[in-house]
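One-letter residues, chain by chain:
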Amino acid sequence: MKLIFSFLALGFMLSSCIEIIDDITMNADGSGTFKYNVNLSVSKVKINSVLALDSLEGKKIPSRDEIKGRINHFVLVLEQKNGISNVIVDSDMENYIIKLTCDFKSVRLLQDAITSTLEEELNENSNILNENLDWLTWTGDSFARSIPDFTIKKTKQLKPEEISLLKQGNYICISRFNRPVKECSNANAQIAKNNLAVMLKTNAYSLSQNLNLLENTIYLSALKP
Amino acid sequence: MKLICLFVALSLSISGVYSQNSEDFIPVDAVTVFSLNNISLLQKVSLDDLVKYEFMAELEQELFDGSTSGKSIKESGIDFDQKLNIFYGRGDEYEVAGFTFGIKDLNQLFTVFDDFDEQVSPLENVKYYSSYFNHLLVRGNVGILIRVDPLPRVIGEIADSIWYSRGNEYIPYDYYGDYYQAEEETISAEDEGYFQESWEEEEGPSEEEIFNVEDEIEEIEDGADYVYDEDIASKNYNELRDSVYATLQQEYLNNICVELIVNNKNLKKEDKELATLLTHTSEGVFYLDNSRNLTKSQRFGYLQSILPSLHDEIKELYTGNKIMGDFILNESSIEAKMTANYGEALGSIYTALNDSKFDKKVTKYIHKDNSAYFTYNVDLYQAYEKAYEIVMPMLRDEKNTSVTSSVLTIELLNAFVDKEALFDTYRGSMFGTFNGVKKVLVRRIDYTYDEDFNYTETEVEAEEDMPIFTLGFSTKRNDIPNIVLEQLAKMTSEFKNMGKYWRFDNAILNSVPLYIINRNGLFIMTNDEDLAVNHTDGFGSERISRKQVKLTKKTGFVYGQIDWSKTISNLPREIFTAEQNKLLNSMHGKAGMMTLTSSKTTTTTTHFNLKYDFNGTYDNPGQYILDLVNSLYIIMK
């Protein structure tokens, strides 16, 4: 994952566009499917030029095989986590698009799995990751989303010049349900025509400046008795 | 009489001390030296600008603390009647860098060097100050600012030996992080099968050797003026490395100072050619001892232990290989006139290599609006024959199986290969151009969302900035590359014969096509679609002017020119190394034309001339000198 982060960092460093789609489908019983797409295809010329180097600004540049190897390792670790199944990663190293999909039994188990996998992969001091693990909350009638604390901490570590490079990046957060959405708390959120999905789109730079931009509680219509 | 003799001896010794100038304190370890004579030109340069130069990197930490704010060199207490000598050297165990200068007003000097604290000087008649990693020695009216850095290899060897000898565990190196993660990630040697195996397989240092290293460190610490930590046994790995670093740094610094001041041994005294160079009255001089650069390289050290006689012969071959020259300030330009000196054996190879006729055809492919271009004319066939004549006897004498086997291979290839066909295909003469940045079309993936936020991937065309390069070489045998190109076209559909040129899709950065023009006695590779599609026989009236062609033609084996204002902001920084980027940064914001020419090569020398025609006003010529010194410092370091 550290390699994946290095890989993503390359995207940021190269004043490039990065598009992230964070897509969660919730079932009525609290289980669901998590999809996470990272699209760096707009910057592929620059990424290719960087990958041709051994190092950049004192950091070793991973090879394509190393990136693939670490992604595969990430999948191996994630699929062993409690409550996680059907982990699939599709990495298109020609266009630099990585798609992760997995099923989860509950959002609690999904968050635990992501956090512990990151802990293992990043070798981070555990107190960095363990502070607030509730960035997803499912009550049966509502679904609340925010930004995990460790992402906030990582963002704060970015240098000003790195933050300004995020201006062209997009973060798209989609939540899908099997019953209609009644309302949502974030005024910027859009509800799909079929009323079964909510999308919140923000610019990566704006998000780095205001991490509350993705906070959203989605209220669902009542279940029929 | 005794008293008179004593008085005379004392007077001589004192006058000896105080008659020495800044150039008499350049350490013998220095491999590169820049000596500025006319430093009064620098008086207008602000200290803030000065410390931004790479050769001032050692002082950066000290001088960026605000103490230099708004001050110029004039106010720094430096004596402008003495030379400013910048030096750098890398030995087997450490790097040394710094500069020596005259001091007019010590108190004023310390308004700039205000973080330096006076220390007890271990040397007589020398004041000693230090700040962080920098050390300032003041003897009479000369200041020696010096920084010594032990090489990471040396620090690592000693720190590892001590670490393991204490029964500590293996420390995995965090390849993608910044530093060792010694505390959190130690892996038990028992638990780590691989490590255990490799430890058993490789014969590590004996217990006696390990303890000898530790004793040596303790001896160094005992002998040094500083004891960094008494409780060395309780240190973690990083702390241990830091202690080894600090101890070695102090030890090496002491050795250099004793050699320089007590033993009165300096580079000017040791190298007569440098001594002569320092008598020149140009604005400045520079010196690079390439033979020492070579012999101090790690690969050469390896050769010394494995093939000692070959090592000696190659060392002999490179003896006297020095580059020396002058900086000359003209009304609107500055020149670096350099002379590369070498021995006759090496010179005969260079002479054969550079004895080549300029191929005028290449100028047809250099656009008049280019940002930068170079031509390089050599004759590899002649150089091969000469090198074969000189180097092969050395190799034949070597009694080593792998060398003998290489000799056999070379001799057989020499006998069987059609050298004429080989060198007619690639004789070595080449050219390259940089034509700025153009928009090129690349494919990217976009996501499109429907009204229910389901998304699909769509491939779209997008424009991206791409630097336009052309690289080509002269050939007498276009038919031979053609054989290769035709076969490549059969192997992949991305490689296509377009008639007058070849197109290889996605060849550059897996995104844009590479075009190959194989005609008119040239083999050219470019990503310039306009050149390939519309100008396969050259740019015609859009080529460089006749005057420019003449200039390019009449030089020796190399000609290069860069239009800084067109080039500097367009170069893709990602493709350059950190060192090359430092050089580019140093030229950022500069305008004007820089040209490199060379003379005809003789068996002992080749002359080069690097000229920087600057645009703009002539109000601060010192800045231009420093720009050029800085560029050369980075190149030669």
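The rules behind each value
Numbering of residues starts from 1 in every chain and runs along the sequence as written. Starting at A for chains and at 1 for ligands, labels are handed out in the order in which the entities are written. Confidence filtering applies because this is a predicted model: local features only for residues at pLDDT of at least 70, side-chain atom pairs given and counted only at 80 or more, and all residues used for totals across whole chains, interfaces and linings. A run of H or I in DSSP counts as a helix once it spans at least four residues, and a run of E counts as a strand once it spans at least two, with each numbered from the N terminus. Every C-beta atom is placed from the backbone, and the number of other C-beta atoms within 10 Å of a residue's own sets its class: buried at 20 or more, exposed at 12 or fewer, partly exposed in between. Whether two residues are in contact is decided by their C-beta atoms, placed from the backbone, lying within 7 Å. When DSSP finds two or more bridges between two strands, those strands count as paired. To get an axis, fit a line to the C-alpha atoms, keeping to the stretch in contact for a helix; angles then go from 0 to 180 degrees between the N-to-C directions. By definition in this entry, angles of less than 35 degrees are roughly parallel, angles greater than 145 are roughly antiparallel, angles of 65 to 115 are roughly perpendicular, and the rest are oblique. Left-handed is the label given to a crossing in which the near helix is rotated counterclockwise from the far helix by less than a right angle, and right-handed is the label when the rotation is clockwise. Gly falls in the polar group here, along with every residue not listed as nonpolar (Ala, Val, Leu, Ile, Met, Phe, Trp, Tyr, Cys, Pro) or charged (Asp, Glu, Lys, Arg). A residue's pLDDT is the predictor's confidence in that residue, given on a scale from 0 to 100. Each nonpolar core consists of buried Ala, Val, Leu, Ile, Met, Phe, Trp, Tyr and Cys residues. Their C-beta atoms, within 7 Å, join them into a set.

Peer 1: I keep staring at the overall build of chain A and nothing clicks. Help me out?
Peer 2: For chain A, the helix and strand inventory stands at eight helices and 13 strands. Classification of the 225 residues of chain A by burial places 34% in the buried group. Within chain A, counting contacts between residues at least 6 apart in sequence, those at least 24 apart form 65% of the total.

Peer 1: I'm lost on the overall build of chain B in this one. Help?
Peer 2: Looking only at helices and strands, one finds 23 helices and 20 strands in chain B. Within the span of chain B, comprising 637 residues, buried residues form 33% of the whole. Summarising the internal contacts of chain B: among those between residues at least 6 apart in sequence, 72% fall at separations of at least 24.

Peer 1: Can you help me understand the sheet that holds strand S10 (residues 181–184) of chain A in this one?
Peer 2: Residues and elements named next belong to chain A. Here we have four strands laid out as an open sheet, ordered S7-S8-S13-S10, and antiparallel in their pairing. With one partner strand each, in any of the chains shown, strand S7 (136–138) and S10 form the two edges of the open sheet. Strand-to-strand, the axes of this sheet are offset by a mean angle of 15 degrees, without reference to chain direction. As paired strands, strand S8 (residues 142–145) and strand S13 (residues 216–220) are joined by four bridges and run antiparallel to one another. Within S13, the position partnered with Phe143 by the bridge is Ile218.

Peer 1: In this structure, what is going on with unusual backbone geometry? I would like to understand it.
Peer 2: Residues apart from glycine generally show negative phi values, whereas peptide bonds are mostly found in trans. Even without a glycine there, the phi angle at A:Asn86 is positive, about 50 degrees. Structurally, the position occupied by A:Asn86 is in strand S5 (residues 84–92). For B:Phe453, which is not glycine, the phi torsion reads 70 degrees and is therefore positive. Looking at where B:Phe453 falls in the secondary structure, it is placed in the loop between strand S12 (430–449) and strand S13 (455–474). Judged by the 22 C-beta atoms lying within 10 Å of it, B:Phe453 falls in the buried class.

Peer 1: How should the packing of helix H14 (residues 344–354) of chain B against helix H15 (residues 380–397) of chain B be read in this particular structure?
Peer 2: When two helices pack together, their arrangement is captured by the angle between the axes and the distance separating the axes. Residues and elements named next belong to chain B. Two numbers describe how H14 lies on H15: the axes approach to 7 Å, and their chain directions differ by 160 degrees. Here H14 is positioned roughly antiparallel relative to H15, judged by the angle of their axes. As H14 packs across H15, the resulting crossing turns out to be right-handed. Of H15, the residues touching H14 (which contributes Ala345, Ser348, Ile349, Ala352 and Leu353) are Gln382, Ala383, Glu385, Lys386, Ala387 and Ile390. Its residues placed into classes, the contact of H14 with H15 shows seven nonpolar, two polar and two charged.

Peer 1: What is the right way to read the sheet that holds strand S11 (residues 190–191) of chain A from this model?
Peer 2: Picture the strands of a sheet paired through backbone hydrogen bonds; they go either parallel or antiparallel. All names here are of chain A. The mixed open sheet is built from seven strands, whose spatial order is S5-S6-S2-S1-S9-S12-S11. Strands at the two margins of the open sheet, each flanked by one partner only, are S5 and S11. Pairing between strand S2 (residues 32–39) and strand S6 (residues 97–104): eight bridges, direction antiparallel. In the sheet register, Thr33 faces S6, and the bridge partner there is Asp103. Set on the sheet, helix H3 (residues 64–79) makes contact with S5 and S6; between it and S5 the angle comes to about 170 degrees.

Peer 1: What is the right way to look at the pairing of strand S12 (residues 197–203) of chain A in this model?
Peer 2: In summary, the side chains of a regular strand alternate between the two faces of the sheet. Residue and element names in this part refer to chain A. The sheet contact formed by strand S9 (residues 170–176) and S12 spans seven bridges and is antiparallel. Within S12, the position partnered with Ser175 by the bridge is Val198. Between S11 and S12, which pair antiparallel one after the other, the connecting turn spans five residues, and Asn195 there sits at a positive phi close to 65 degrees.

Peer 1: I'm lost on the confidence of the model for chain B in this one. Help?
Peer 2: All names here are of chain B. Across chain B, the average pLDDT comes to 79, with 75% of residues at 70 or higher. Confidence, expressed as mean pLDDT per element, reaches its minimum in chain B at helix H6 (residues 193–201) with 36 and its maximum at strand S17 (residues 522–526) with 95. For residues 1–18, every residue scores under 50 in pLDDT, and the model assigns this stretch three contacts once sequence neighbours within four places are set aside. In this model residues 223–230 is a low-confidence stretch, pLDDT under 50, and it forms 11 contacts with partners more than four residues away in sequence or in other chains. As a predicted assembly, this complex carries a pTM of 0.66 together with an ipTM value of 0.83.

Peer 1: Would you mind showing me how to read the confidence of the model for chain A here?
Peer 2: Regions with low pLDDT carry predicted coordinates that are not meant to be interpreted in detail. Taken as a whole, chain A shows an average pLDDT of 80; of its residues, 78% reach a score of 70 or greater. Overall, residues 1–16 of chain A carries pLDDT values under 50, and its contacts beyond four positions in sequence, including any with other chains, amount to 45 contacts.

Peer 1: I would appreciate a short explanation of the packing of helix H5 (residues 152–165) of chain B against helix H8 (residues 237–262) of chain B in the present structure.
Peer 2: All names here are of chain B. Running from amino to carboxyl end, H5 crosses H8 at an angle of 130 degrees, the nearest separation of the two axes being 9 Å. By the criterion of interaxial angle, the relationship of H5 to H8 is oblique. Between H5 and H8 lies a crossing whose hand is right-handed. Contact residues: H5 offers Val154, Ile155, Ile158, Ala159, Ile162 and Trp163, while H8 offers Tyr237, Leu240, Arg241, Val244, Tyr245 and Leu248.

Peer 1: I'm lost on the nonpolar core in this one. Help?
Peer 2: Note that soluble globular proteins tend to have their nonpolar side chains buried in a common cluster. Counting 101 residues, the largest nonpolar core has B:Ala30, B:Val33, B:Phe87, B:Tyr287, B:Ile625 and B:Leu628 as the members making the most contacts within it. Of all the elements, H8(B) adds the most residues to this core, at nine residues. In this structure, B:Tyr287 is in contact with B:Thr32, B:Val33, B:Leu274, B:Leu277, B:Lys322 and B:Met324, ignoring residues within four places of it in sequence. Residues A:Ile174, A:Phe177, A:Leu207 and A:Leu214 belong to the second largest nonpolar core, which totals 46 residues.

Peer 1: Is there a simple way to think about the pairing of strand S19 (residues 593–598) of chain B in this case?
Peer 2: All names here are of chain B. With five bridges joining them, strand S18 (residues 558–563) and S19 adopt antiparallel strand pairing. Paired with Gln561 across the bridge in S19 is Thr595. Pairing of S19 with strand S20 (residues 605–613) involves six bridges; the strand directions are antiparallel. Residue Thr597 lies in a different strand from S20, and its bridge partner there is Asn609. The turn linking S19 back onto S20 is made up of six residues.

Peer 1: Teacher, can you tell me more about the environment of B:Tyr388 here?
Peer 2: Position of B:Tyr388 among the secondary structure elements: in helix H15. Through-space distance from the C-alpha of B:Tyr388 to that of B:Ile410 is 9.4 Å; in sequence the pair is 22 residues apart.

Peer 1: So what exactly am I meant to see when it comes to the environment of B:Val440 here?
Peer 2: As for its placement among the helices and strands, B:Val440 is situated in strand S12. Beyond its immediate sequence surroundings of up to four residues, B:Val440 is in contact with B:Glu464, B:Met466 and B:Val512.

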